[in-house]
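# Structural description and commentary
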Amino acid sequence: MKLVSTGRITGALLLAAALGGAARAADAVAEIEAHDKAFLAAYEKGETAKMKSAIGKAVATGEKNHVGDKPAGAGVMADTYVLAAILEVDGNENHAAGVKDFVKALKLKPDVAIPQGMSTSSVKAALKEARLQIGVAPKETPTKDVVAGAPAPGAAAAGEAKDDAKQKALAEQQAREATARAAQAEQEKKAEQDKKDKADRELGDAKTRANQLEKDKAASDKALADANARAAQLERDKADRDKQITDLKAKVAQLEKQRDEREKVLAEARAAGDKEREAREKVERERQEAAAKAQAADDKRKHDQQERERLLAGPELPAKLPEPLHCAIPDEAPARTDLYVHCAARANVKAKSIVFYYRAGGAHYTSVPLDRNGKGWFAAVIPGARLTGKALQYYIEAFDAKDNVAANNGKEASPNILPLRSTAPRG
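In short, a report on the structure.

About the criteria used
Residue positions are counted from 1 within each chain, in the order its sequence is given. Restriction of local features to residues with pLDDT of at least 70 applies here, the model being predicted, together with a cutoff of 80 or more for giving and counting side-chain atom pairs; totals for whole chains, interfaces and linings are based on all residues. The side-chain numbers reported here are obtained from all heavy atoms of the structure, hydrogens and water having been left aside. Note on definitions: salt bridges are taken to be side-chain nitrogens of Lys or Arg within 4 Å of carboxyl oxygens of Asp or Glu. Counting from the N terminus, the helices are the DSSP runs of H or I reaching at least four residues and the strands are the DSSP runs of E reaching at least two. Note on exposure labels: buried denotes an accessible area under 20% of the residue type's maximum, exposed denotes more than 50%, and partly exposed covers the range between, all computed with a 1.4 Å probe on protein chains only. Helix span, expected: 1.5 Å multiplied by one less than the number of residues in the helix.

### Notes on the pattern of salt bridges
As enumerated under the stated definition, the model contains 19 salt bridges in all. Close ionic contact of D298 with R301 constitutes a salt bridge, the shortest N to O distance being 2.8 Å. Here D298 pairs with R301, and both are found in helix α8 (residues 238-313), just three residues apart, close to one helical turn. The residue D298 makes a salt bridge to K302 at a minimum N-O spacing of 3.3 Å. Residue D298 and its partner K302 are located together in helix α8, separated by four residues, close to a single helical turn. Under the relative-accessibility criterion, D298 is labelled partly exposed at 24%. A relative accessible area of 42% means that K302 is categorised as partly exposed. One continuous salt-bridge network, built from bridges that share partners, spans D298, R301 and K302.

Take a look at the structure:
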């Protein structure tokens, strides 16, 4: 179904309420509850116009009388914003507007819940995003009726719930893959640390052995000196000299063997030290490379955000508009690329809001409310995923304070045509 944003309805009802005067707080709460019941009844019957009217009146009444500022009315107003969010998400396919309404509801009552039967995947995703925005941890709670005795909803969202379930399953699969990658990285990091610890232990053992060999060398030197002294004594005793010399030669050979073994251990210790230094240098290089990649990714994200903000701001607003409802839209656009729409109405049109309707290869139009930016344009972004085929058909309508069409650029039956050129595939 094609719905118009509740923002226009709310604006018109607020103006009517201001002209009619303020109602007392108790009467305002009762009136809001009546409108909420009317919304639920219309939802059951699939009566879109009545749904928009009922929730628009409920929001306007509550905001005009500041019902949410009073403890007795905060809960009622929070439930009303929940219904408005559901209309935006599932009715108007406006996820961002739905998140804003959920944020308003959570600020009044942090434990708000989605009414029974209205908990589609897209609605739950919008509520979860709103909780994250205001720092309220998402939680699973049983759904409840906003108004006691409200009827069960119809099957209008069954098809959309199925698509949302597929998207949720895909998101969960991606999350599992990301968790597996993180676990693998942690295992690799632990293995690298184990290797370093082992190298440290081996180096310590080598140093201990080296110290012991030094002590052995001192002892060996002393033993050699004693042997020389005994040799001198043996020279005086010729009979025993040959035997003592043979013993001394054997001891010398043993000492030389020990020396060779000591030098081998020292060489191994030096090699182990070199290996450890190379491992540390490798880790440091990898850390620097990772930091450089992270910085490059952050710079690209900032650049992309700045470019998006610049494109959304649009060109300077002309001092004189060439037509009652003028839009700065190119003569052609690349397919599958975000399209930035900027429109403005002459002062005599008295436009309260502007809505952009478009379709590409389908029979039905999608409506996108335009928001006023700092340069005076009413602007919005059409996602590139929606720009498929050879052309985009569109028309624009400006609405006055009474929600009447005050000016248009193109019509539903005879829309404007924006040719879409194919883009070269990325390498």
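Text resumes after the structure shown.
### A word on the environment of E256
Its place among the elements puts E256 in helix α8. For E256 and S220, which are 36 residues apart along the polypeptide, the C-alpha to C-alpha distance reads 9.6 Å.

### Here's the deal with helix α3 (residues 48-64)
Compared with an ideal rise of 1.5 Å per residue, which puts 17 residues at 24 Å, α3 spans 24 Å between its outermost C-alpha atoms and is within 8% of the ideal. All of the buried residues along α3 are T48, M51, K52, A54, I55, G56, A58, V59, A60, T61 and G62. Phi for H66, located one or two positions after α3, is positive at around 55°.

### Side note on unusual backbone geometry
You will see that H66, though not glycine, has its phi angle at about 55°, which is positive. Considering the arrangement of structural elements, one finds H66 in the loop between α3 and α4 (71-91). When its relative accessible area of 48% is taken as the criterion, H66 is described as partly exposed. Its identity as a non-glycine residue notwithstanding, E93 has a phi of 55°, on the positive side. By the secondary structure assignment, E93 is in the loop between α4 and α5 (95-108).

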